[in-house]
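Single-letter residue listing:
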Amino acid sequence: MTAAAAGKDSPSSSTVRGTPLLKDELDIVIPTIRNLDFLEMWRPFFQPYHLIVVQDGDPSKTIRVPEGFDYELYNRNDIKRILGPKAACISFKDSACRCFGYMVSKKKYIYTIDDDCFVAKDPSGKEINALEQHISNLLTPSTPYFFNTLYDPYREGTDFVRGYPFSLREGTPTVVSHGLWLNIPDYDAATQLVKPRERNTRYVDAVLTIPRGTLFPMCGMNLAFDRELIGSAMYFGLMGDGQPIGRYDDMWAGWCIKVICDHLRLGVKTGLPYIWHSKASNPFVNLKKEYKGIFWQEELIPFFQTVVLPKDCTTVQKCYIELSKQVREKLGKIDPYFTKLADAMVTWIEAWDELNPTGTAAQMVNGSSNGK
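Residues numbered from 1 in each chain as written. Predicted model: local features only at pLDDT ≥ 70, side-chain atom pairs only at ≥ 80, totals over all residues. Heavy atoms only, no water.

Here's the deal with the packing of helix α7 (residues 249–264) against helix α8 (residues 283–306)
Right, on to step 1. At a minimum axis distance of 9 Å, the contact between α7 and α8 shows a crossing angle of 15°. Judged by the inter-axis angle, α7 sits roughly parallel to α8. In this structure, the crossing between α7 and α8 has a hand that is right-handed. Note on element contacts: α8 touches α7 through Leu300, Ile301 and Phe304, opposite Trp252, Trp255, Cys256 and Val259.
Right, on to step 2. Across the contact of α7 with α8, the residue classes tally to seven nonpolar, no polar and no charged. (Axes fitted to C-alpha atoms, helices over the stretch in contact; angles between N-to-C directions. Helix = DSSP H or I, 4+ residues; strand = E, 2+ residues; numbered from the N terminus. Parallel < 35°, antiparallel > 145°, perpendicular 65-115°, else oblique. Left-handed = near helix turned anticlockwise from the far one by under 90°. Contact = heavy atoms within 4.5 Å. Nonpolar A, V, L, I, M, F, W, Y, C, P; charged D, E, K, R; others polar.)

Written out as structure tokens, the structure is:
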């Protein structure tokens, strides 16, 4: 099947007959500790959609959301009320709390963005509708089994190159769209310290499928995904208050979902869209949060590169529970934290299933998800 035959032009516009694309099928999840004034800039793109705001920190603080937005807001008290003892699996005083929004959403798709991310402009000066591009990425297939040298063959103006196997041109369902950032790059603390004034000004007009068997450092500040097909694995771990590590929440989730996507024949894209990351976090604070992770990741990456999921793991939940067992067995030897994290992974799935008892994320997805 050619890219054109696969319907690559169908999501080229954010609206269909005046209705924003996926208006009733997508939630925007925002973790925050402050008033959401940044939404004013995003109003033309976000206002038609439902927002889920996850308030971190002091639950007695009032978070102001600009008028005109349809939203629901959850603070720590709400999380405890809804999850009871299982609330312990949701991080506190860390943006990892955003994954609670994934759990309580009832929509098929999620877009999550940080409150210091503004609307970027492309090289022509046009404001970028990040949500529109994410939707386009998700509604067109991925090609993880053979690399196309013109990148995403489903984008307008391109296709599969000569030599690309016709048997692979149908692609696989895309379940994650990983966007990038202009201005402040997503660097670790050590790189921040040696390059304090570096800014990302490079706009690369490309979307790539991350190949099967290849891991990547997922960033949660500009991210969209198919909640029904991969949401139950999009757990951002135990970070922040009371934990020995921070700023690895999104990367942990990214390593987990990539292993599961490879196993279940699902696709992950990265590249467009860009947002404007406005504020650099303190590198000294970041170093304190990251320093154990900097050492641990040298063992974490080989673990995820070699992990094998059994054939009977045919759902995302089964894959995630199996992954938790291997985390306990193999990473628990590094530090007791990983035993605690493995327990939290199981609790997360239990809580997810309680709030989503008939969700399609529990269905078999291996070879059965092509009719998106």
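Topic: the UniProt feature "site: Required for activity" (unreviewed entry) in the chain
Right, on to step 1. Under the local residue numbering, the UniProt record ascribes the feature "site: Required for activity" (unreviewed entry) to Arg162 and Arg169.
Right, on to step 2. Among the residues examined, arginine 162 registers a relative accessible area of 84% and is labelled exposed.
Right, on to step 3. Inspection of the secondary structure assignment puts arginine 169 in the loop between α4 (130–139) and β8 (174–183).
Right, on to step 4. The class for arginine 169 is buried, based on a relative accessible area of 7%. (UniProt positions renumbered as here; feature names shortened; annotations may be inferred. Buried < 20%, exposed > 50% of the residue type's maximum accessible area, 1.4 Å probe, protein only.)

Brief notes about helix α9 (residues 316–331)
Right, on to step 1. For α9, spanning 16 residues, the distance from its first C-alpha to its last is 21 Å, which sits close to the expected 22 Å at 1.5 Å a residue.
Right, on to step 2. Looking at α9, one finds that the buried residues are Val316, Gln317, Cys319, Tyr320, Glu322, Leu323, Ser324, Gln326, Val327 and Leu331.
Right, on to step 3. Against the buried residues of α9 lie α6 (227–230), α7, α8 and α10 (336–355). (Expected span 1.5 Å × (residues − 1).)

Digging into the environment of valine 161
Right, on to step 1. Mapped onto the fold, valine 161 is located in the loop between α4 and β8.
Right, on to step 2. Once the C-alpha coordinates of valine 161 and histidine 277 are considered, the two residues, 116 residues apart in sequence, prove to be 34 Å apart.
Right, on to step 3. With residues up to four places along the chain from it excluded, the contact list for valine 161 reads Asn148, Thr149, Leu150 and Arg169.

Some remarks on the pairing of strand β11 (residues 267–277)
Right, on to step 1. With ten of eleven residues buried, β11 is to be regarded as a mostly interior element.
Right, on to step 2. Bridge analysis of β8 against β11 gives nine bridges, and the strand direction is parallel. The residue bridging valine 176 from the neighbouring strand is valine 268, located in β11. (Pairing = 2+ DSSP bridges.)

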